[in-house]
Each structure stands twice: as C-alpha cells, then as structure tokens.
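Here is how the chains run, residue by residue.
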Amino acid sequence: MIDKTNNDTTDLVPLQEIYEEFDFLGDSEAQMEYLIDLGLDLPRMPADEKTEQNRVHGCQSNVWMVTDYDDDSRKLHLHAESDAMIVNGLIAVLLAAFQSQTPRDILETDIHAVFDRLGLDRHLSPQRKNGLNGMVNRIRQSALARLEAQPD
Amino acid sequence: MIDKTNNDTTDLVPLQEIYEEFDFLGDSEAQMEYLIDLGLDLPRMPADEKTEQNRVHGCQSNVWMVTDYDDDSRKLHLHAESDAMIVNGLIAVLLAAFQSQTPRDILETDIHAVFDRLGLDRHLSPQRKNGLNGMVNRIRQSALARLEAQPD
Amino acid sequence: MTAINTPLDVAAFRAQFPILQQKDAHGRKVVYLDNGASSQTPQSVIDRTVDVYSKFYANAYRGAYEFGQRIDDELESSRETIRNFIGAERKEEIVFTSGTTASLNVIAQGLGSTILKEGDEILITLMEHHANIVPWQMIAKRTGAVVRVLPITEDGRLDLEQLPQHLTEKTKIFSVTGMSNMLGTINDLPQLSAAAHAVGAIFVVDAAQSILHEEIDVRSTGVDFLTFSGHKLYGPTGVGVMYGRHDLLEMMEPLLGGGHMIDRVYEDHSTWAQPPAKFEAGTIPFVQAIALKPAIELVQSVGLEAIKTHEHELLTYGLERLKDIPGLTVYGPAPEHKGAIITFTVEGAHPQDLAFLLNRHGVCVRHGHHCTMPLHDHLGISASVRASFAAYNTRDEVDALHDGLVAARKRLRLD
Amino acid sequence: MTAINTPLDVAAFRAQFPILQQKDAHGRKVVYLDNGASSQTPQSVIDRTVDVYSKFYANAYRGAYEFGQRIDDELESSRETIRNFIGAERKEEIVFTSGTTASLNVIAQGLGSTILKEGDEILITLMEHHANIVPWQMIAKRTGAVVRVLPITEDGRLDLEQLPQHLTEKTKIFSVTGMSNMLGTINDLPQLSAAAHAVGAIFVVDAAQSILHEEIDVRSTGVDFLTFSGHKLYGPTGVGVMYGRHDLLEMMEPLLGGGHMIDRVYEDHSTWAQPPAKFEAGTIPFVQAIALKPAIELVQSVGLEAIKTHEHELLTYGLERLKDIPGLTVYGPAPEHKGAIITFTVEGAHPQDLAFLLNRHGVCVRHGHHCTMPLHDHLGISASVRASFAAYNTRDEVDALHDGLVAARKRLRLD
Ligand SMILES: Cc1ncc(COP(=O)(O)O)c(C=O)c1O
Ligand SMILES: Cc1ncc(COP(=O)(O)O)c(C=O)c1O
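Criteria and thresholds
- Residues numbered from 1 in each chain as written.
- Chains lettered and ligands numbered in written order.
- Predicted model: local features only at pLDDT ≥ 70, side-chain atom pairs only at ≥ 80, totals over all residues.
- Heavy atoms only, no water.
- Near = heavy atom within 4 Å.
- Polar contact = N/O pair within 3.5 Å; in protein donor to acceptor, adjacent residues only side chain to side chain.
- Areas by Shrake-Rupley, 256 points an atom, 1.4 Å probe, with all protein chains shown as cover.
- Nonpolar A, V, L, I, M, F, W, Y, C, P; charged D, E, K, R; others polar.
- Core = buried A, V, L, I, M, F, W, Y, C linked by side-chain atoms within 4.5 Å.
- Buried < 20%, exposed > 50% of the residue type's maximum accessible area, 1.4 Å probe, protein only.
- Contact = heavy atoms within 4.5 Å.
- Least-squares fit on C-alpha atoms with pLDDT ≥ 70 in both.
- Buried area = accessible area lost by both parts, 1.4 Å probe.
- Salt bridge = Lys/Arg side-chain N within 4 Å of Asp/Glu carboxyl O.
- Helix = DSSP H or I, 4+ residues; strand = E, 2+ residues; numbered from the N terminus.
- Domains from an automatic or database assignment.

Chemist: Which residues make up the site of ligand 1, and what values go with them?
Modeler: Taken together, 14 residues lie near ligand 1, and Thr 283 of chain C together with Thr 101, Asp 206, Ser 229 and Lys 232 of chain D sit nearest. Chain contributions to the surroundings of ligand 1 come from chains C and D. Here an oxygen atom of ligand 1 sits 3.5 Å away from a polar atom, N or O, in the main chain of Thr 100 of chain D. Side-chain polar atom of Asp 206 of chain D to a nitrogen atom of ligand 1: 2.5 Å apart, as the coordinates give it. Taken by itself ligand 1 offers 400 Å² of open surface, and the protein chains cover 98% of this. Across the shell around ligand 1, the residue classes tally to two nonpolar, ten polar and two charged.

Chemist: Provide a residue-level description of the nonpolar core, including the pertinent values.
Modeler: Membership of the largest hydrophobic core comes to 230 residues, with the highest contact counts inside it found for Ile 86 of chain C together with Ile 86 of chain D. Residues contacting Ile 86 of chain D, with those up to four places away along its chain left out, are Ile 94, Ile 211, Ile 216, Asp 217, Val 218, Leu 226, Phe 228 and Tyr 243 of chain D.

Chemist: Quick one: what's the story with the site of ligand 2, residue by residue and with numbers?
Modeler: Around ligand 2, 14 residues are found, and the nearest of them are Thr 101, Asp 206, Ser 229 and Lys 232 of chain C together with Thr 283 of chain D. Flanking ligand 2 are residues from chains C and D. The separation between an oxygen atom of ligand 2 and a polar side-chain atom of Ser 229 of chain C is 2.6 Å. The contact in question runs from an oxygen atom of ligand 2 to an N or O atom on the side chain of Thr 283 of chain D, over 2.6 Å. Burial of ligand 2 by the protein chains amounts to 98% of its free accessible area of 400 Å². Tallied by class, residues from the shell around ligand 2 come to two nonpolar, ten polar and two charged.

Chemist: Would you mind going over the relation of the copies chain C and chain D in detail, with residue names and values included?
Modeler: You can overlay chain C on chain D at an RMSD of 0.0 Å; the transform is a turn of 180 degrees with a shift of 0.0 Å along its axis. The transformation relating the two chain copies, once decomposed into turn and shift, fits a two-fold axis. Residues of chain C ranked by C-alpha distance from the rotation axis are headed by Gly 238 of chain C, positioned 2.8 Å from it. Both copies share a contact surface, since 100% of the interface residues of chain C are interface residues in chain D too.

Chemist: Tell me what's going on with the interface of chain B and chain C, and back it up with residues and numbers.
Modeler: Opposite the five residues of chain B that make contact, chain C presents five residues. Carbon and sulfur atoms supply 35% of the area buried between chain B and chain C, which totals about 450 Å² over both sides. Where chain B meets chain C, there are zero salt bridges. Along the contact surface separating chain B from chain C lie zero residue pairs in polar contact (both at pLDDT 80 or more). Breaking the side of chain B that touches chain C down by element, the ones donating at least two residues are α6 (120–123) and α7 (126–149) of chain B. In terms of residue class, the side of chain B that touches chain C is built from one nonpolar, two polar and two charged.

Chemist: Quick rundown of the domain arrangement of chain C? Include the residues and the values.
Modeler: A common way to express how large an interface is: the accessible area buried when the components associate. All names here are of chain C. In terms of domains, chain C is made up of domain 1 (10–38 + 303–411) and domain 2 (46–300). For domain 1 versus domain 2, the separation of C-alpha centres amounts to 28 Å. In total, domain 1 and domain 2 occlude about 2900 Å² of area from one another, counting both sides; carbon and sulfur atoms represent 61% of this. Of all residues in domain 1, the largest losses of buried area upon contact with domain 2 belong to Leu 304, His 337 and Leu 375, amounting jointly to 21% of the total for that side. Counting the contacts that link domain 1 with domain 2 gives one salt bridge.

Laid out in structure tokens, this is it:
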C-alpha cells in the first residue's frame with residue numbers, strides 16, 4: 001500500500017526540471033538556495049512515521065525514511081524527510097531520481113552521475129556527503145532486500 | 001699530588017684575558033673562532049686518563065675530566081680535554097674560572113655570571129649548553145665530595 | 001608592554017588582520033563569528049612565517065650553522081614568551097605540540113600509563129570538548145581506571161554541589177576546561193585546583209578556549225598541566241602548547257618516540273632526554289612555534305583585560321539584540337559567568353539551514369555539536385548554532401548576525 | 001605535467017627558493033647542504049600559506065560558510081595530489097599527521113595494539129632513523145613483542161643474506177627506510193615488500209628521505225604503510241603524511257582521541273569515524289596540509305627522474321672531489337646504491353668543529369649522530385658530518401664544501 005499523503009510521484013519535481021534550474025542558476029549558492037526551496041516544498045511525512053527505527057544514521061540533521069513496495073506495479077515508493085531544509089532539498093533530488101522505480105531500476109541507477117550532473121560533489125561538505133551516501137545506501141538496501149525476497 | 005703535565009695554572013689563559021679578547025672581538029663568530037684557538041692551545045691530558053670512568057656524559061663530543069685535590073694548598077686542580085676544539089675552548093674557560101681554587105671557592109663561584117659575561121648563553125646551542133652544564137656539575141660534585149670528606 | 005586599563009582600540013586591532021579587510025567572493029564584508037573554532041591571523045604572524053621560510057630556515061636543534069642557531073634562538077625566545085604569558089616557572093615546562101588535542105592525549109597517556117591503576121578515577125565534566133573526553137576514555141580502557149563526569153547546573157555551570165561526591169580520594173586526575181566552547185561558561189580554576197589538590201589529584205586545564213579571553217597564571221592558580229592551540233590564539237595552525245609542572249614532566253612517559261626526544265638509543269631499548277625535549281619527538285612545527293610569538297605579543301600589547309572588556313560588551317549587546325528573534329533559545333549561564341560565545345537554537349529552523357542562510361549575509365557561524373556530544377545529549381538537542389567572538393569583532397557584526405537571523409527565519413517561512 | 005626525460009634546469013629550479021637568493025649575515029652566499037634534515041621552501045609554498053591566512057582562513061571540516069568550504073576543497077585537493085603522487089588507490093588512504101615521526105608512532109601503536117601479542121616479532125634494520133626504532137621499542141615493550149634488527153653489510157647495504165633468519169613466520173611487521181638518512185643507501189622496496197608479504201608481515205616504509213629522490217607507487221610496490229614529512233619535500237613544517245592501505249586503516253586503532261575523529265561520543269565510550277578522519281584528531285595542520293600541494297606540484301612539474309639524475313651527478317662529483325681530503329672516510333655504499341648524501345669523518349677533526357668551520361665558509365652541513373645512534377655505534381663512531389643534497393644544489397656548492405674542508409683542516413692545524 002502506498003501512503004498517498006507523502007512524496008507521491010505526482011507531487012515531486014522531476015529530475016529534468018531540477019537539472020534545468022541548476023543550469024539556469026549556475027552559481028552554487030543560488031543552487032543551494034534552490035535546494036532549500038525544494039526542501040521547503042517537499043511533502044511532509046506523517047509524524048508517526050518519524051520513529052527511531054526509520055532514522056537514517058550518519059546525517060548531521062535528523063533524517064527519516066520509509067520505503068513501501070507496491071505489489072501491483074512492482075515499484076518501490078520512497079518517503080523521507082529531514083528537519084533541515086537543505087537536506088530536504090537533497091531528498092527531493094533523491095526522490096526524483098529513485099521514486100517509483102522497480103528495485104532493479106533503483107540498483108541500476110547511477111546516482112553519482114546525478115550528483116555529478118548537479119555539481120553536488122563539489123558543493124557539499126564531507127559530512128553532508130556522508131549523510132547523502134547514508135540515504136542512498138538505505139534506499140539501495142531496501143531495493144536489494146526486496147529483490148532478494150521476490151526476484152522479478 | 002698534582003700532575004704537572006696538564007692544565008697547570010701556569011699554562012692557562014686567565015679569565016680576565018678571555019673577557020678582554022671577547023670584548024675586543026665583539027662578533028660572535030669571531031669569539032667562537034677564538035674559543036677554537038683556546039681549545040687548540042689547551043694542554044692535553046695523558047692518554048691513560050682518557051678512560052670511560054673519566055668521561056663526562058651529556059656532551060656531543062667526548063669529554064674527559066679528572067680532579068686532583070692538593071692536600072697542602074687545599075685546592076682542587078682540574079684536568080679536562082675534549083676531542084672537539086670548540087669544547088676544549090669552553091674547557092679553557094672553565095679551567096680559567098675554577099682552576100686551583102678551594103672546594104668552597106668553587107662552589108661559591110657564579111659560573112653562569114661568567115657565561116653571561118661572555119654571552120655564551122646566547123651563542124651556544126642547547127645541546128652544547130647541556131654539555132657545558134654537565135662539565136660544571138662534574139666539577140661542583142667533586143668540590144662538594146671533597147668538602148664533605150674534609151670540611152675546611 | 002601591557003596597556004593596563006586602556007580600552008581596546010578595536011579598529012586598530014582589527015586593521016592588523018588582512019582577511020578582515022577584504023570582501024568575500026560576493027562583495028560582502030566578512031563577518032567572522034567562528035572564533036571558537038579558529039581565530040584569524042594577524043599580519044605579524046604571517047610576516048614572521050614568511051621571514052622564517054625565506055630568510056633563515058633550517059631544522060631546529062640540529063644545525064651548527066647560522067640558520068640553525070637562529071632558528072634555535074627564535075624557538076627558545078618563543079618558549080620564553082609563552083612561559084611568561086602563562087606564568088610558568090621554567091621555560092623547560094613549555095612543550096611544543098601539534099595542538100590542544102595532541103597535548104591532552106600526551107597527558108592522558110603519559111600520565112595515565114605512569115600513575116593510573118584499576119579502579120582509579122579520572123574526573124572530567126559534562127561540558128568538555130571531545131578532546132578532553134576521548135583521550136581519558138582511551139587511557140581508562142587501557143588501565144582499568146574509570147572516567148567520571150561532573151554534571152552541570154540548569155544554567156550551564158559546573159554543579160559544584162556535586163563536586164564532593166565526584167572528586168574523592170580515588171580521583172587521580174581532574175581535567176576541566178577553562179571555558180566551555182559551547183556554553184561559554186568560565187570555570188573558577190583556583191577553586192577547582194584547590195579542590196583537586198585537596199584530594200591529591202593532578203589538575204589539568206584545557207585552555208583551548210580560555211587562553212584568548214582569560215588571564216592565567218599557572219603557578220598562583222595551581223595548574224599542573226595547561227594545554228592550548230596556536231590557531232585559536234591568533235597564531236598559526238599546526239602548533240600547540242602543553243605546559244606541565246617540571247616534576248610531573250620528568251615522571252611522565254612520552255607518547256611519541258623518535259628523534260630529539262631520546263637521550264640514547266640502543267638496539268634493544270632507549271632512554272629519554274630531559275623535558276621539554278622528551279615530549280618533542282621528531283621535527284617539531286618550528287616555523288609555527290616561532291610564529292606563535294608575535295600572536296602572543298599582540299595579545300599582550302593590548303592586554304587581556306582590555307580584550308575581555310570589549311568581548312564582554314559584545315556578548316551583552318548580542319544577548320540583548322537577539323532577544324526579539326522568535327523561538328530563540330540561548331544556552332549557557334548569565335553573561336557574568338561566561339565568555340563571548342552565544343550558542344543558540346531557533347525553533348523550527350535547523351542549525352544547518354541557519355548557518356547556511358547566515359552565510360548568505362556574510363555571517364560566518366558554526367553549526368553542529370561543536371565536539372560536545374555528551375553536552376548536546378544532556379541538553380536534548382543534536383545541534384546548535386554558535387557565534388563566538390574575538391577582539392576584532394564589532395557591534396555592527398552583532399547587528400549583522402541579528403539581521404541575518406531575521407532574514408533566515410523569513411526565508412524558512414517561519415514568519 | 002611531468003617533463004619526462006627533460007634534464008633539470010637547476011638555475012630555474014633554484015630561482016624559486018627565496019632563501020637561496022640572499023647572502024647571509026656575513027655577505028656570504030648560502031651553501032645549504034642540510035637537505036636531509038629539512039629542505040628549503042619555494043615561493044609557491046610560501047605564497048599559498050600567506051593566501052590561506054589572508055584570504056579564506058577557517059577551521060577545516062567544520063564551517064558551513066564559504067571560507068570553510070573553500071578550506072575543505074583545498075584540503076581534499078591536496079589529499080588527491082598526494083594520492084596521485086604516491087599511487088594510492090583512494091584519497092581516504094591519505095592521512096594528514098604532524099610529520100613522519102608522528103605517522104610512525106600512529107602506525108606502531110595503532111597496529112601494534114591490534115595485532116601484536118607476546119613473542120611476535122617486528123623487524124627493522126640497523127640503518128633506521130630513531131623515528132623508525134623507538135616507536136617499535138615502545139609498542140614491543142607494551143605488547144611483549146620483540147624488535148629484531150636486520151644487519152647491514154660492510155659497504156652499508158641491507159644484509160639480505162641474513163633476511164631469511166630475520167624475516168620469519170613470527171614477523172608481523174617489517175618496517176624499513178626507503179633511503180638511509182646517514183648512509184644514503186636506497187633500499188629495494190619491491191624485493192623487501194615481496195619478502196615481507198611472503199611471510200604474511202605488514203610492510204611499512206619510512207619514506208622521509210626517499211620521497212624526494214625516488215619515485216614510489218605504493219600499489220605496484222606493495223607498500224602497506226608509507227610515511228613522510230612535508231618539510232623534507234620542499235613543503236611546510238608541521239605536516240606529514242601517513243598512507244595506509246584502507247583495510248588496515250579500518251582495522252587499526254587510532255593513537256589520538258578528540259574532535260573530528262569520532263563518530264559518536266557518549267559519556268562512557270566513543271566510536272570512531274571512517275579513515276582518514278579516524279586518524280585526524282583535533283584541528284589538523286590544515287594550512288600546512290594545503291600548502292604541501294604546491295611543493296609536490298613543483299616536484300611533479302620537473303619530474304623526480306630529472307631530479308634524481310641531477311642529484312646523482314652531484315653525488316658522484318662530490319665523492320670524486322673530496323678524495324683529496326686527507327683522513328677522509330665516507331660512509332655508505334657505492335654511488336649506484338645510494339642517494340645524494342655524503343656522510344663522512346675526517347681523521348683528527350671532530351665533526352662539531354668541522355661543521356662550525358664549514359659554516360665560516362657559508363656551507364651548512366649537519367654534524368652529530370643524525371638520529372641513527374645504533375648505526376653510529378655499529379660503525380664505531382659517535383658522530384659524523386653529513387652533506388645532503390637537493391635539486392637546487394650545484395657543482396659550485398660541492399666545490400665550496402671541498403674548499404671549506406681544506407680550510408677547516410688547516411684551521412685545526414692538521415696540515
Ligand atoms: C629516515 C628518516 N626517518 C624519519 C625522520 C623523521 O622525520 P620528522 O622529523 O619529520 O618526523 C627523518 C628525519 O630526520 C629521517 O631522515
Ligand atoms: C575547549 C576545547 N578543547 C579542545 C579543543 C581542541 O583544540 P584543537 O582542535 O586545536 O586540538 C577545542 C577546539 O575546538 C576546544 O574548544
């Protein structure tokens with residue numbers, strides 16, 4: 001079952017739009033500002049999902065993440081939120097890249113190519129990169145677990 | 001008994017002459033050169049006195065030192081030599097300051113005032129200062145031992 | 001040299017820091033309020049560094065040639081300046097290290113391996129920086145000693161009522177910060193020293209923060225070990241100081257082995273040199289150690305009292321000014337008990353976002369746990385924003401912080 | 001960038017070192033032949049240092065503001081330059097330390113406390129610098145392991161015939177210098193690495209001397225740990241490098257505890273960050289770490305091969321030139337087995353006097369035991385004089401050494 005209140009595909013900014021906006025802005029501070037806007041606009045998670053168990057470790061801010069698998073479409077749906085808006089912006093990028101894909105698609109996505117395209121590797125502090133990688137790993141693990149449980 | 005072959009008072013450059021020469025030279029390198037001359041001219045110790053037991057530790061070069069007490073004059077006679085000429089020059093200064101004094105005189109001599117007067121504190125490397133202090137301590141200990149054995 | 005009771009001429013002081021004269025890449029004036037992490041560097045320190053590298057550079061304590069002797073002289077002169085600055089008895093009690101963290105590790109492991117046995121206690125406090133926590137945990141683990149933690153009061157001061165239960169005959173070492181790098185709290189070192197010595201404990205002070213704001217005299221205060229870093233004292237990075245009472249330095253084992261710290265090396269064992277050499281293994285950061293002197297001279301030339309007065313003014317002004325920020329919580333005690341550090345959170349705004357948005361206004365502050373995780377845990381927060389002031393900061397810069405916060409809240413749609 | 005097979009333009013190289021352009025206090029040209037102790041600093045390294053302090057200074061890995069990010073970028077870029085320079089696989093294998101001595105202590109204690117138990121053996125060699133002896137003695141004492149010493153041949157090379165008796169299944173660590181700082185001997189690292197790995201030992205290289213003269217590729221050579229100092233590589237003082245294979249870094253315990261090297265600090269224990277942070281406790285010498293990059297770039301721009309060729313020419317010329325000094329003994333192997341170091345004694349003249357008198361001719365050499373006491377003991381001398389060359393040295397300077405020695409002997413009335 002998909003929780004329609006949060007991070008549904010329809011509410012998400014598509015990756016292509018993020019690319020275009022980044023290119024248009026050019027300057028890294030402006031891009032970070034845009035990330036904040038993306039973060040502010042990110043649909044929120046229900047409070048009862050912000051549990052210790054759903055927390056992603058290795059981030060400077062609190063990050064919660066839940067993955068739902070839709071048996072019909074065989075796609076993985078992601079829900080995530082942070083208390084820091086810049087991080088929510090990064091979450092928006094991750095959701096745009098990973099949302100509503102099959103586990104196999106997720107594992108095959110070269111997310112670092114996305115980060116490169118956005119220049120995030122250059123603009124994020126090492127700690128923030130750690131946090132970002134923590135989220136990516138969490139998503140990958142869910143996909144892998146799903147794939148192992150039920151090969152497509 | 002005093003060993004007349006080495007470091008007898010009569011062969012020594014008096015402290016006053018060293019002071020005057022240092023003042024005349026002014027420049028610290030020239031003063032060090034003069035120390036080398038003093039060292040080259042320092043009467044040598046007999047080879048059989050250069051034993052492990054007579055070695056002063058804490059010096060970069062080898063330094064041997066022997067103290068003789070003359071019961072008649074109640075004075076301590078010092079004999080010392082190094083294989084480095086600069087150190088022999090420092091030994092010449094020490095001998096000039098300490099030679100043929102009573103143990104009490106030796107203990108009362110403010111040798112650091114002599115070093116200050118010569119500016120040695122400024123011109124010697126820490127290691128060389130360590131070596132110099134090692135020699136001073138050895139002389140003081142001999143004087144103290146003598147004084148305790150036979151108070152004057 | 002010290003200009004007693006002359007108020008600090010902030011403009012003149014500030015003029016000595018080239019970095020503060022420039023605009024940043026976006027043409028904004030730089031409002032540097034991260035002095036608790038590292039202070040900026042005056043021209044005199046930069047010049048001294050360049051001078052050593054370009055005029056008389058040689059490895060320290062090694063060369064018979066002129067450069068070498070010049071370096072040795074300069075190093076010893078810097079050591080003497082430090083001795084005088086902290087009121088140590090002997091120059092040999094001043095050990096150059098690579099920083100406060102290194103100093104504290106040298107003390108913890110050197111002292112610990114000599115005096116600690118199972119069941120002995122080390123007392124630290126809840127407001128310590130990780131550098132004054134982790135080394136003690138490490139040596140405790142190795143020796144079987146126990147690290148105890150003195151709690152703090154609700155307003156962020158050491159809870160002295162609980163001192164007697166924590167500082168006992170079992171306590172062999174009491175290590176405390178001179179000033180909290182998060183709360184700003186200034187601790188009463190003479191009182192704590194007396195308490196430590198009353199139970200026979202060795203009294204260690206982490207002066208990384210306090211050295212720049214509070215005068216210290218190790219002898220009259222009864223400090224057995226004092227540690228600080230050059231880079232927080234307007235000096236260069238890469239150098240720190242460990243002061244230790246001479247008899248303790250003699251007793252203590254060195255942490256690092258290598259050149260210069262030995263007396264004699266045999267194939268199967270070695271003997272150690274006298275302090276300070278015993279603790280200065282390898283090539284020390286001699287250029288930085290020499291360039292630390294002009295930093296201290298700068299502080300001495302205006303006087304720590306004048307610096308403190310000015311910084312305290314900034315602190316009270318800042319606390320007043322920030323009062324109108326909705327949802328603001330400032331941590332730490334009332335201004336009379338603290339140095340010029342304002343650490344805070346703003347409800348609904350993550351410290352990380354605040355630090356980023358403040359930077360958009362040219363204001364440099366720090367966010368995170370400031371290497372005080374146990375303290376943050378205790379306060380029930382995972383991160384905070386810290387504005388920490390130095391002598392070159394001005395009221396204008398406090399205003400910039402205020403205005404930046406107002407704008408940040410707007411930007412985060414909190415208004 | 002590397003100019004392969006282009007001979008070194010010595011004049012152009014030398015012109016980059018401001019200290020070598022000046023005359024000393026006595027109007028003499030400076031003949032600096034103490035490069036084994038520390039090399040001089042090029043303008044690019046000085047400029048970089050000044051730039052950091054005056055344009056974008058902030059503590060490393062801490063600030064969300066621009067200066068902080070710039071510093072982090074520069075640091076990581078320096079790390080990458082080093083990675084590339086020594087052929088490491090990952091940037092995370094490059095740890096900044098305060099110098100070779102610190103690096104070796106971190107390895108000895110970190111590795112030792114993890115893998116050594118009573119009766120295990122550590123193998124070093126008779127030609128090691130104290131920095132690669134004392135740390136092993138210290139950890140051996142703590143763990144009950146034994147330090148064994150590989151002898152040298154009469155001509156000052158490692159006695160490889162004796163390697164099988166010394167390097168056995170009991171050997172857990174084999175630590176060796178890339179180049180002897182006294183004899184100049186260059187060791188065959190691929191061969192030694194293979195021998196170490198054949199018995200399952202970890203292979204550690206003290207590259208303090210070799211880094212500047214010999215190309216190294218840690219992966220193809222099979223080096224598990226490599227250590228060197230900035231100040232011997234035309235870089236700043238106060239910074240060094242510890243390269244470690246990533247799996248070993250992950251396994252190893254950190255020596256220093258404090259800020260930045262932690263993952264999480266609790267009141268009663270702590271967990272560590274990933275390498276390299278795990279070994280970078282406290283504020284690292286970040287200005288120096290950043291300024292190490294232009295030093296390496298300078299070397300890369302002319303190429304180590306060209307440097308080596310030039311230095312080797314100086315070495316053979318020097319050995320030839322000094323032949324007519326009566327009573328001269330040069331230590332170490334034939335030139336084809338050594339780098340550009342000439343260590344010698346002159347009969348009847350104490351090294352200390354020689355060094356002093358050479359300085360009268362503007363020639364800077366080092367005298368003493370060069371932190372190799374066991375080697376000096378073996379050679380039956382207590383001190384020697386060392387002339388060590390760098391890429392900026394010239395034939396004229398070799399002549400100055402020669403003429404200085406002739407004059408010194410006269411002055412000591414040996415003629
Ligand atoms: C072979 C060797 N190892 C280690 C060291 C120690 O280097 P540092 O003093 O920079 O720690 C030196 C420097 O003298 C050396 O020559
Ligand atoms: C109170 C305190 N102790 C120790 C340290 C560590 O100093 P360093 O990073 O220079 O080793 C700091 C610096 O952040 C500090 O504020």
